[in-house]
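So you can see what is in the structure, the chains are spelled out below.
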Amino acid sequence: MILIQREKDAGSRCVISMDSNSTSIYDPRNPGHVKTFTFDLAYWSHSGFLKDENGMLISAGSNTYAGQREVFRDLGQGVLQSAWQGYNATLLAYGQTGSGKSYSMIGYGANRGLVPSVCEELCKAIQSQEKNKQYQVRLAQIVIYFQDLSRLKPGGLKIREDQQQGFYVDGLKLVPCDNYAQIERLMDQGNKMRTTATTTMNASSSRSHMVITIQFKQVIFLDEAITKQSVINLVDLAGSERQKSSGSEKDRLKEGTRVNLSLTTLGNVISALAEVATGKKVLHIPYRDSVLTKLLQSALGGNSRTIMIAALSPADICYEETLSTLRYAERCTSIIFSSLVLVHKNTLEAFKARLDVALGSLLRLLAESEGRTRSAQMTWEARLEEARQEWEQQYSVMTQERWMMETFPYLLNINEDPQLSWVLKHFIQDGTCDVGQSTSNAIILRGLGILDKHATFTNADGKVTIAPQDKCKVVVNGVTITGETELQHSDRVILGSNSTYLYVGPPAQRTEEDLSRYDYDFFQSELAAAEGFSVDKLGTVGSGQDRADPSVLAVFHDYIKLMPLVEEANQMSQELGKDLKFELKVKNLALSDSRGHDLQKEITVKVTHETTQQVWVWSKAKFINRKFIMEELYQRFLEGEDPAVNQDSDPFWDPVEAVHVGSAHVWLQALAYRMRLEERAELLNSEGLEEAVVLINLSSCSSDGRLFGEDEMVIDPLELLERRVDFQIHIAECLGVKWLRGAVGRGIQIGYRVYDLPRCLYTKPVWESANPKIEETVHFSALNASYDFLNYLQKNALIVDLWGLQEGCMEMDSSLDGLLLTAEGTVVVDNPKALTASNVPELYRKLLQMEQETELLRELNRALREENALLKDSLKKWDTGHHESQCPSQTLSIACFQLAKALKTFYQNMSVVREQFLQLKHSRPPEDNLQVLRLFTERQSQMISDFGRQLESTVDKLKSDVALIVKKKREYIAYSKP
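This structure is a prediction, so every number in the text was calculated from the model and none was measured.

Novice: So what's going on with the overall build of the protein? Which residues, and what values?
Specialist: The secondary structure content of the protein amounts to 22 helices and 40 strands. Counting over 978 residues, the protein shows a buried share of 45%. The contacts in the protein between residues at least 6 apart in sequence include a share of 66% that link residues at least 24 apart. Accessible surface, the protein: about 50600 Å² in total, of which carbon and sulfur atoms supply 50%.

See the structure below:
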């Protein structure tokens, strides 16, 4: 649960806290919104640690930090105990990429994870086996890509089903091991195969599942041979990050790729099992829907003791994914597992009994058991001896490799997954050696964009050079080279689209430099810098601050993360003949909102058809989703299948759409003073470059459209408060539109949105004219100008957007349909009724009525005060001893007192009404579940009902009090007349 470097650079804050077994997460956008989850164990590893002399991370004195030792003590020992007792055991690691699941499972450096620790402890125990016992350990490693195992081994691997053992991998080789060194070498060999597979298949390791299976058999030789067998599954699941964010993009191709099917199905299985545990009737548990859930069926719903590790990212920028992981893990806690000890007694009597039962089908049994008999003839010792011979051969290869590392320069692979970096070494021996996909090359490389003969290395006179073949892409230190280039120690080399290698020079050139700093992100940052893209280009917080805005850093890291994916997409498009070019762009790089504040920047991908010049703009989430599907299509192409798909299923195809080309700011302040503005505004694209110039006029006018002159301007905009304000927006023409010159069959529309209008207004489309005449005018009316509207005119700009149309795309609606119009046909703005988008329009009608009645009451109050003053002056002239004057004076005093009391009660009641209104206004529906949402709706309905009753009661009470006061006033006037 440590922040990775990308999250640190982005200035991320920790949003996770732990207390005993409880884990809490707070929403960074609403810190008061905290969700708490309770699990069996919770480990804090974000802070409170230091590194000892061996490189182990240990507690810095705080009891809160949990390192690898503590995790193994609590979880790994439990797995071992289950195995010794004869139970199957499964340990799953779940979480988003970069959250630490691979670190927990495999570890890094001195901080070994659960897999090596479990294997080592198991081997230690079997080294001291007793004479009458035999322990057999066999290990296999499976990596699942694209829902398929067949690509991991020539000839293919298939999932089979057996009535007794359930689903299993047919053809999977389980290698016998009798010490930890052998297991360690097996895992290293598995990593090499996994690294080669990721390169060959153009697949990220973060989207693969790794399953390490350990078969542990205990044979006890007593009067009868008793066999106790258990299977340990250690599973590092693929990154759990959702394409969430693709839901909001409304991509026509849903995220249903085989890459994500396993985790989706795993979630469905866990949800179904959780419902079973609560007593609900579940008709179907979808184990068969994915390879992963088939292999884990016994672990999830049957004979196994199962542990799940949910790895969390504490970074605020990962809040949504972390919350999703916590909810996923919470569902798992409700599953009830049942497990059995697998014991088999080999007695003669039992064998005879079984033989008698099967006597009728002896021939069939003999045929089926022939293979099993041959296999059984090979004793465990013989199998172990065969494995030892293989180890010796591998050891000699490893010895040869170490000698070559000390003798020759070589290329060292760098992978996005740190576990798979530094795994492959390609040695550059004396003379020349070719590199490419052809088997005749000295260095054989597979991968996107690598041709049969891609480049040539020359090692002569202590120098090494590289020369790319014609049209083959080779990048050295971020720069594409076209001719022979000499390499220096620690140079970064990229071959093809994204095969990254660190060059380790001859021994004489090597230094004490720490090469570990040249990780995958270093390569991509170097490429971005060579293209002129940097954090400085994105902008900083402000003057006097050295650190860039965290959101800007997050965009920068998104950019370098997507760079290799875009390069790969371009290569796949080229090889599949799709004729599309993908480019990274930064949305809102140089754009601001209506008040001049910078807009939130984000990464988008511009897609251009190189023949038709049609353009699309994809969000980051949409591109990543499409890239997954592209990989599947490309993989079928590599395997010789026909890559043609129907248009609706093609990840490279989208319907033609309108494209946002640029924006301009036209400040509205002139309208606040009834002045006229004629503006030539530059329409700038997201990078701040001019795309066109728009001629636009803003004019104040009367209700009938007559333009105001200079003598009708106002000095203070507040003079217009609560008065009718009319104005016109006239768009004359657009000059020098680059979009229209880019290709034939293009057009434009201009859109803008004024104040509280429910949608944008668009001009009529204009096609194929570099300087299109528009000449469109819209008349707007604020019937009762509010303070907020006048403030909007003084401080905001009108955002004018230029949209590019393409042949076949849908045009924007240029009508005024759906807008509120006056009797004269003008568009109404500053309309309080615009707030009635919710389902309580009657509530707002009553509010408007209340405001009008309140204003009348204020006028009445002023009139009563004036009359009260006049009456007091008249009373002073009266004879203080005159008896008849006592009655009207007393009546008047009572009336004044009652008026004051009535107004005080009214304002008190209105304060309650205002609080209820604000509570309604700021209420937001919950995001938790349907049941809570239903309760929220009921509560809102009750609040609206209470609000209406309180409002009516307040107004009615005031009306009644005022009527009584008026009545008494009339009585006083009638009484005082002679």
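Novice: Go over helix H19 (residues 787-795) with me, naming the residues and quoting the values.
Specialist: When we look at burial in H19, the residues that qualify are Phe789, Leu790, Asn791, Tyr792 and Leu793. Where H19 is buried, its residues contact helix H17 (669-672), strand S34 (725-735) and strand S38 (773-782).

Novice: Could you give an account of the pattern of salt bridges, with specific residues and numbers?
Specialist: A side chain of one charge can pair with a side chain of the opposite charge when the charged atoms of the two come close. Summed over the entire model, instances satisfying the criterion amount to 22 salt bridges. Among the charged side chains, a network of salt bridges with common partners joins Glu568, Lys627 and Glu631.

Novice: With reference to specific residues and values, describe the sheet that holds strand S1 (residues 16-19).
Specialist: Taken in spatial order, the three strands line up as S1-S2-S3 in an open sheet, and their pairing is antiparallel. In this open sheet, the two edge strands, each paired with only one partner strand, are S1 and strand S3 (30-38). In this sheet, neighbouring strand axes are inclined to one another by 25° on average, regardless of whether the strands run parallel or antiparallel. With four bridges connecting them, S1 and strand S2 (residues 22-27) associate as antiparallel partners. Across the sheet, the residue bridging to Asp19 is Ser22, located in S2.

Novice: Any chance you could break down the sheet that holds strand S23 (residues 474-476) for me, citing the residues and the numbers?
Specialist: Pairing is antiparallel across the open sheet formed by six strands, whose spatial order is S18-S17-S27-S26-S23-S24. Edge positions in the sheet fall to strand S18 (425-427) and strand S24 (479-480), since each of these pairs with one other strand and no more. Judged from the two bridges that link them, S23 and S24 form a sheet pairing that is antiparallel. Considered in S24, the bridge of Val475 is made with Thr480. Packed onto the sheet, helix H13 (residues 520-530) meets S23, strand S26 (492-495) and strand S27 (499-504) and runs at close to 80° relative to S26.

Novice: Break down helix H9 (residues 319-332) for me, with residues and values.
Specialist: Between its first and last C-alpha, H9 extends 20 Å over 14 residues, near the 20 Å set by a 1.5 Å rise per residue. Among the residues making up H9, those that are buried are Tyr319, Glu321, Thr322, Leu323, Thr325, Leu326, Tyr328, Ala329 and Cys332.

Novice: So, the packing of aromatic side chains: which residues are in play, and what are the values?
Specialist: A complete count under the given rule lists 21 aromatic pairs for this structure. Relative to Phe556, the ring of Phe533 lies with its centre 5.9 Å away and its plane at 5°, an arrangement referred to as stacked. Placement of Phe533 in the loop between H13 and helix H14 (535-538) and of Phe556 in helix H15 (residues 550-576) is noted, with a sequence separation of 23 residues between them. Overall, the relative accessible area of 4% leaves Phe533 in the buried class. Under the relative-accessibility criterion, Phe556 is labelled buried at 10%. Taking the centre distance of 5.9 Å and the plane angle of 55° together, the rings of Phe582 and Trp618 count as tilted. Within this pair, whereas Phe582 is found in strand S28 (residues 580-587), its partner Trp618 is found in strand S30 (residues 615-619), the two being separated by 36 residues in sequence. Accessibility expressed as a relative area gives 2% for Phe582, which makes it buried.

Novice: Give a description of the environment of Cys123 that names residues and reports values.
Specialist: Relative to the helices and strands, Cys123 is located in helix H4 (residues 114-127). The sequence separation of Cys123 and Tyr180 amounts to 57 residues, and the corresponding C-alpha distance is 5.8 Å. Those residues in contact with Cys123 that lie beyond four places of it in its chain are Asn179, Tyr180 and Ile183.

Novice: Before we move on, could you go through a nonpolar patch on the surface and cite the residues and values that matter?
Specialist: A contiguous nonpolar surface patch, about 290 Å² in accessible area, is contributed by Leu718, Leu721 and Tyr787. For Tyr787, the location among the structural elements is in helix H19.

Novice: An account of the packing of helix H2 (residues 68-85) against H4 is needed here, citing residue identities and associated values.
Specialist: H4 packs onto H2 with a crossing angle of 45° between their chain directions and a minimal axis gap of 10 Å. Relative to H4, the element H2 is oriented oblique. You can see that H2 and H4 cross each other, and the crossing is right-handed. Contacts from Val71, Phe72, Leu75, Gly76, Leu80 and Trp84 in H2 reach Leu114, Ser117, Val118, Glu121, Leu122, Ala125 and Ile126 in H4. For the contact of H2 with H4, a count of residues per class yields 10 nonpolar, two polar and one charged.

Novice: Tell me about the environment of Leu757, residues and numbers included.
Specialist: Of note, Leu757 is situated in the loop between strand S35 (746-752) and strand S36 (761-762). With residues up to four places along the chain from it excluded, the contact list for Leu757 reads Phe780, Leu819, Val827, Val828 and Val829.

Novice: Tell me about the nonpolar core, residues and numbers included.
Specialist: In terms of nonpolar packing, the biggest core is built from 50 residues, with Leu538, Tyr559, Phe582, Leu584, Val586, Phe623 and Phe652 touching the most fellow members. If you tally residues by element for this core, the top one is H15, at 13 residues. What Tyr559 contacts, discounting residues up to four positions off in sequence, is Ala528, Glu531, Phe533, Leu584, Val586 and Ile603. By size, the runner-up hydrophobic cluster in this structure holds 46 residues, among which are Ile696, Ile748, Phe780 and Leu802.

Novice: Give a description of unusual backbone geometry that names residues and reports values.
Specialist: Within the chain, Asp461 stands out as a residue other than glycine whose phi angle is a positive 55°. As for its placement among the helices and strands, Asp461 is situated in the loop between strand S21 (455-460) and strand S22 (463-468). Residue Asp461 is classed as exposed on the basis of its relative accessible area of 79%.

Novice: Would you mind going over the pairing of S3 in detail, with residue names and values included?
Specialist: Both S2 and S3 contribute to a ladder of six bridges, which runs antiparallel. Each residue of the ladder has a partner; that of Asp27, found in S3, is Asn30.

Novice: If you had to explain the side chain of Ser421 to someone new, which residues and values would you point to?
Specialist: In this fold, Ser421 is placed in the loop between strand S17 (410-413) and S18. At 2.7 Å, the side chain of Ser421 and the backbone nitrogen of Asn415 are in polar contact. For Ser421, the contacting residues outside a window of four places in its chain are Asn413, Ile414 and Asn415.

Novice: With reference to specific residues and values, describe the confidence of the model for the protein.
Specialist: Summarising the model, the protein shows a mean pLDDT of 79, and 75% of its residues fall at 70 or more. Across residues 150-154, where pLDDT falls below 50, the model places 13 contacts with residues more than four positions away in sequence or in other chains.

Novice: Which residues make up the environment of Gly449, and what values go with them?
Specialist: Along the chain, Gly449 falls in the loop between strand S20 (443-444) and S21. Between the C-alpha atom of Gly449 and that of Gly496, which follows or precedes it by 47 residues, the distance is 4.2 Å. Ignoring any residue separated from it by four or fewer positions in sequence, one finds Gly449 in contact with His454, Gly496, Ser497, Gln571 and Glu575.

Novice: Summarise the side chain of Ser490; cite the residues concerned and give the values.
Specialist: Positionally, Ser490 belongs in the loop between strand S25 (485-487) and S26. The exposure class assigned to Ser490 is buried, which follows from its relative accessible area of 8%. Here Ser490 is in contact with Leu502, Tyr503, Glu513, Leu515 and Tyr518, once residues within four sequence places are set aside.

Definitions and limits used
- Numbering of residues starts from 1 in every chain and runs along the sequence as written.
- It should be noted that, the model being predicted, local features are given only for residues of pLDDT at least 70 and side-chain atom pairs only at 80 or more, the latter also being counted only at that level, while totals for whole chains, interfaces and linings use all residues.
- Think of the side-chain values as coming from all heavy atoms in the structure, minus any hydrogens and water.
- Segments assigned H or I by DSSP are reported as helices when at least four residues long, segments assigned E as strands when at least two residues long, and all are numbered from the N terminus.
- Only protein chains enter the accessibility calculation, which uses a 1.4 Å probe; a residue is then buried when its area is under 20% of its type maximum, exposed when over 50%, and partly exposed in between.
- The criterion used for residue contact is that any of the two residues' heavy atoms lie within 4.5 Å.
- Per-residue and other accessible areas follow the Shrake-Rupley method at a 1.4 Å probe size, with only the shown protein chains counted as cover for residues.
- Only one rule defines a salt bridge in this text: a Lys or Arg side-chain nitrogen within 4 Å of an Asp or Glu carboxyl oxygen.
- Criterion used throughout: strands pair if DSSP finds at least two bridges between them.
- Throughout, an axis means a line fitted to C-alpha atoms (over the contacting stretch in the case of helices), and angles, computed between N-to-C directions, take values from 0 to 180 degrees.
- What a helix should span is 1.5 Å times the count of its residues minus one.
- Note on ring pairs: Phe, Tyr and Trp rings are taken, using the six-membered ring of Trp, and paired if centres are within 6.5 Å. Classes follow the plane angle, with under 30 degrees stacked, over 60 edge-to-face and the rest tilted.
- Patch membership is restricted to residues that have no salt bridge and whose relative accessible area is over 30%. Joining uses 9 Å for like charges and 5 Å for the nonpolar side chains Val, Leu, Ile, Met, Phe, Trp and Tyr.
- Small angles under 35 degrees read as roughly parallel and large ones over 145 as roughly antiparallel, with 65 to 115 read as roughly perpendicular and the rest as oblique.
- Crossings are assigned a handedness: left-handed for a near helix turned anticlockwise from the far helix by less than a right angle, right-handed for a clockwise turn.
- Any residue that is not Ala, Val, Leu, Ile, Met, Phe, Trp, Tyr, Cys, Pro, Asp, Glu, Lys or Arg is counted as polar, Gly included; the first ten are nonpolar and the last four charged.
- We call a set of buried Ala, Val, Leu, Ile, Met, Phe, Trp, Tyr and Cys residues a nonpolar core when their side-chain atoms join them within 4.5 Å.
- Side-chain atoms alone can form a polar contact between residues adjacent in sequence; in general such a contact is a pair of N or O atoms within 3.5 Å, and within protein one must be able to donate a hydrogen while the other accepts it.
- What pLDDT conveys is the predictor's confidence in a given residue, as a value from 0 to 100.

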